[in-house]
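Here are the chains, one letter per residue:
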Amino acid sequence: MNLNNNTQMQTRDIIPKLSAGGFSLIELMIAMTVGLVIVAAVVQIFVRSHATYQLDEGLSRVQENARFSMDYLAKDIRMAGYMGCNSKLFGTSAVSNIVKPPNQSTIFSSGGIRGYRYTCTTACSGGLAEWDPALPGDFFLAGEVRTGSDVIIINRGSELGTTLTGNTVPSNANVQIVNTAEIAGQIAADDILLLSDCKGADIFKATNTSSGSGIVTVAHAAADNTSPMLSKPYGNDARLMKLVSRAYYISSKPSISGTPNEPGLFLKELGSGGLLSGQELVGGVESMKILYGEDTAATGSAAKYVVPASVADWTKVVSMRLGIIVRTPGAVDAALDTKTYDLLDDTVSALDNFGPADDTRRRRVFNTTIRVRNH
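Source: prediction; values computed, not measured. Just so you know, the residues in each chain are numbered from 1, in the order the chain's sequence is written. The model is predicted, so local features are restricted to residues of pLDDT at least 70 and side-chain atom pairs to those at 80 or more, both for listing and for counting; the totals for chains, interfaces and linings are taken over all residues. Hydrogens and water are ignored here; the side-chain numbers use all heavy atoms of the structure.

Glancing now at unusual backbone geometry. The peptide bond linking D132 to P133 adopts the cis configuration, its omega dihedral lying at -5°. A run of DSSP states H or I qualifies as a helix once it reaches four residues; a run of E qualifies as a strand once it reaches two. Both are numbered from the N-terminal end. Relative to the assigned elements, P133 resides in the loop between β3 (131-132) and β4 (151-163). The omega torsion across G355 and P356 is 0°, close enough to zero to call that bond cis. When you line up the elements, P356 lands in the loop between β17 (353-354) and β18 (363-371). Phi is positive for A123, close to 50°, though the residue is something other than glycine. Using a 1.4 Å probe on the protein chains alone, a residue whose accessible area is under 20% of its type maximum counts as buried, one over 50% counts as exposed, and one in between counts as partly exposed. Residue class for A123 comes out exposed when judged on its relative accessible area of 80%. Positioned with a positive phi, D358 is a non-glycine residue whose angle comes to about 55°. With respect to the helices and strands, D358 occurs in the loop between β17 and β18. Taking relative accessible area as the criterion, D358 reaches 45% and is therefore assigned partly exposed.

Dropping the structure here:
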């Protein structure tokens, strides 16, 4: 017997036989099922987190847009009627307007405020007569203002930091003012100007401007005015200001195809050269409603809040209730928005209501009361 062969056989008998490694089919199926459950849970957490993020981001944008809109509107409303002093010292009957041709954008309305309430309920197309009173045609085109929303026009003077110096007789077709750093480049031909001494005021169009020896001469010739004469003489304490005439309204940005897109708060104002120019202030504002507080008892406080057509005397409007509704920039929830919102939370007019929109955006209502300082 071969010793080497015998040793090899004994060695093979001592080493145990190892079974084949790996997972069985059942184990693989269990592992795959557990893995799919974990992946599904992770995906679900991600989807929910993303949805929560979208909602929070959308509502943050709503808050930001509403705050800007309210602050911007409140600042201008508080200054309505300003003529270099409290306009309550003299009525707008003491304001002479010689601008030619006269139109709604170059007048100083009673109290510096004009309000328009949307009243159409059937077969509405956005025509100017669907507001009460009708929207001024020199400010707006039919269909430009979003239906269902109010409009407000504010008039006031904007300080130029200068006073008169000479040429104060009413028959003189020139106004001379002290040349200051504040007025550099602020006055040009065709600008609409307001001259006030807190006893009366004149609104005229500048036909030419020139400067020299510390004086700026502003001409108001008959070429662009009904007369070169002002209504009264003015002393050196009189102030020359730019006429501010601003309309706030809700409109929609046109898309490339020309169809309405996102609504927003818009401003259209009297600009350089006496021309109207419009711009969007903030997006996402769907509607604006305003009620006007009239001081009918001479107490300095509003006795009642009414719609524009019910205001008896705009100079007695001492405050306003302003309500806006702002929506998220996009869809942020799967559920439809079926709510009806009351923008002013009152019973004065059912036309304050908005909705339901039946979309997947989210909305918030913001309202405030604003004091008019110059009434």
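Right, let's talk about the sheet that holds strand β14 (residues 304-306) for a bit. Any two strands are treated as partners once DSSP identifies two or more bridges connecting them. Taken together, four strands build an open sheet; the order of strands is β14-β13-β15-β18 and the sheet is antiparallel. Edge positions in the open sheet fall to β14 and β18, since each of these has one partner strand only. Pairs of neighbouring strands in the sheet enclose a mean axial angle of 25°, with direction left out of account. Judged from the nine bridges that link them, strand β15 (residues 317-327) and β18 form a sheet pairing that is antiparallel. Within β18, the position partnered with I325 by the bridge is V365. Lines fitted to C-alpha atoms define the axes here, with helix axes fitted over just the stretch in contact, and angles between the N-to-C directions of these axes take values from 0 to 180 degrees.

A word on the side chain of S287. Within the fold, S287 resides in strand β13 (residues 285-294). You can call S287 buried: its relative accessible area is 3%. The definition of a polar contact used here is a pair of N or O atoms within 3.5 Å, where within protein one atom must be able to donate a hydrogen and the other to accept one, and adjacent residues in sequence count solely through side-chain atom pairs. Within the structure, S287 has its side chain in polar contact with the backbone oxygen of G148 (distance 3.4 Å). Contacts: residue pairs with any heavy atoms within 4.5 Å of one another. With residues near it in sequence (within four places) discarded, S287 still touches G148, S149, I250, G323, I324, I325, L343 and F354.

We now examine the sheet that holds strand β9 (residues 215-219). Pairing is antiparallel in the open sheet, where three strands are placed in the order β5-β9-β8. Whereas interior strands pair on both sides, the edge strands pair on one side only; in this sheet they are β5 (174-178) and β8 (208-212). Neighbouring strand axes in the sheet, compared pairwise and without regard to direction, differ in orientation by 20° on average. Pairing of β8 with β9 involves five bridges; the strand directions are antiparallel. Bridge assignment links S211 to a residue of β9, and that residue is V216.

With respect to the helices, strands and loops of the structure, R114 is situated in strand β2 (residues 113-118). Of the side chains with opposite charge, D138 comes closest to the buried, unpaired R114, at an N-O distance of 6.4 Å. A polar side-chain atom of R114 sits 2.6 Å from a polar atom in the side chain of Q104. Within the structure, the side chain of R114 is placed 3.5 Å from the side chain of N155, a separation counted as a polar contact. With near-sequence residues (within four places) excluded, R114 lies in contact with Q104, I107, S109, V151, I152, I153, N155, S245 and W314. The positive count covers Lys and Arg only, the negative count covers Asp and Glu only, and His and the chain ends enter neither. One speaks of a salt bridge when a side-chain nitrogen belonging to Lys or Arg is within 4 Å of a carboxyl oxygen belonging to Asp or Glu.

What follows concerns the state of the cysteines. Cysteine sulfur atoms are paired as a disulfide whenever they come within 2.5 Å of each other. On inspection of all chains with the given rule, the structure shows one disulfide. The side chain of C120 participates in a disulfide bridge whose partner is C124; the two sulfur atoms lie 2.0 Å from each other. Here C120 and C124 share a disulfide; its torsion about the S-S bond, -105°, makes the bridge left-handed. Note on C120: relative accessible area 18%, which makes it buried.

Without other data, these values stay purely geometric and don't point to any function.
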